[in-house]
Amino acid sequence: MYRVEERGLSNTTSYRLYLSRDPSRHLVHLPRCGAEVMGDPAVCGALRCGAGAPEASAGAGGTGTCVGAKDTRGAMYRVEERGLSNTTSYRLYLKNSLGRILSPFHDIPLWASESQNVFNMVVEVPRWTNAKMEIATKEPLNPIKQDIKKGNLRFVANIFPYKGYIWNYGALPQTWEDPTHTDELTGYVGDNDPIDVCEIGTKVCARGEVIQVKVLGTLALIDEGETDWKIIAIDIKDPEADQFNNIDDVERLKPGYLAASVDWFKRYKLPDGKPENKFAFNGEFKDKNFAIKVIKSTHAFWKALIMKKSPTEGINCTNTTVSGSPSLCSEPDAATLLNKLPEFGMGDSTAANVDQWWYGKKN
């Protein structure tokens, strides 16, 4: 039997990985492996300063890890994880720098800069990962959790040639696609969720990270009879962000990315035995101005939702910052809710079949 032993600091020139056949023999003359704190935040959970990491290292850290994203009020966001990683009990909550618990659905502002059309994005799924994490719209304070299908944690398949999600995937806070409203642009009702975002930048973001993005365009997915807008955006801190100002720039600078995105959304449910998804506008991407109008309309639906006294379509509107909302929750009550949940701990390992390729038919 073979095993590995790591030495040196990860993500540095000192790192080495050795194979050992005899478990009793150790490489005593070399320093034991440690995490390079300034490297990848997912390398060592105990030392990381970042949000919830991809499932390969999900939950490696303790509660209250920090996330370096600011809103227009200068507040730093951080995450607090509860429950066991890779289980149905896992939840990821957001807090500001003062420790106030926030709903990523209701309390994070939509705009980071309204005058410049810069938006806040809550990252649910880091690029190249498979766990279908999402804002829990029907739970108090809307933590991020993993979707469940038939009692099992849900993972998207690796539809060849793609690995997991091909963007940093998440949502725009304070938006809502109203399931009681038929979208005049698509002819279908909304999907009862915040509007989705595909961030196409260089960095692989962390689960729960709040980043500022500029919108480039949108794709109108029709998912099982519901409108499911997909906003295409880029992190404003991306090294190439200044070169991206509209949807045509994506094809010019990242040729093939948009076509791959359509193909991914069309086929990602095929491994579950479902048919291909459809699109409004024959799968054509709409430009930046069109996308911003869509975002503003979903923000208006959210504003109506958050001020209602009774729940709508099962949505939980509990929040800690929206003045005048009937569902406004005090800080002590929010803390009590969180403290009732189990402390974070390591749960199950990710099943090996999550990394398998799916070679289904490509039309």
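For the structure itself, consult the block above.
Just so it is clear, the model here is predicted, and its values are computed rather than measured. (Residues numbered from 1 in each chain as written. Predicted model: local features only at pLDDT ≥ 70, side-chain atom pairs only at ≥ 80, totals over all residues. Heavy atoms only, no water.)

Structural notes on the side chain of Asp235
With respect to the secondary-structure elements, Asp235 resides in strand E18 (residues 226-235). Within the buried core, Asp235 has no salt-bridge partner, and the shortest N-O distance to an opposite charge, that of Lys203, equals 5.4 Å. Apart from residues lying up to four places away in sequence, Asp235 is in contact with Glu199, Ile211, Gln212, Val213 and Ala241. (Helix = DSSP H or I, 4+ residues; strand = E, 2+ residues; numbered from the N terminus. Buried < 20%, exposed > 50% of the residue type's maximum accessible area, 1.4 Å probe, protein only. Lys, Arg positive; Asp, Glu negative; His and termini not counted. Salt bridge = Lys/Arg side-chain N within 4 Å of Asp/Glu carboxyl O. Contact = heavy atoms within 4.5 Å.)

Things to note about the packing of aromatic side chains
Tallied over the entire structure, the rule returns 17 aromatic pairs. Between Tyr165 and Trp167 the ring centres are 6.5 Å apart and the planes differ by 65°, which places this aromatic pair in the edge-to-face class. When its relative accessible area of 2% is taken as the criterion, Tyr165 is described as buried. Their ring planes at 50° and their centres at 6.4 Å tell us that Tyr169 and Phe265 sit as a pair that is tilted. Taken together, the positions of Tyr169 in strand E14 (residues 168-171) and Phe265 in helix H2 (residues 257-267) put the pair 96 residues apart, joining distant regions of the chain. Feature note: the residues Tyr165, Trp167, Tyr169, Trp264, Phe265 and Tyr268 constitute an aromatic cluster, connected by ring pairs. For the cation-ring pair, Lys286 lies above Phe281, with the distance from its terminal atom to the ring centre recorded as 4.6 Å. Between Lys286 and the ring centre of Phe290, over which it is positioned, the NZ or CZ distance is 5.8 Å. (Phe/Tyr/Trp six-rings, centres within 6.5 Å; stacked < 30°, edge-to-face > 60°. Lys NZ or Arg CZ within 6 Å of the ring centre and 35° of its normal.)

Re H2
Within H2, nine of the 11 residues are buried, which leaves the element mostly enclosed by the surrounding structure. Where H2 is concerned, the buried positions are Tyr257, Leu258, Ala260, Ser261, Val262, Asp263, Trp264, Phe265 and Arg267.

Just distances and angles here, no functional claims.
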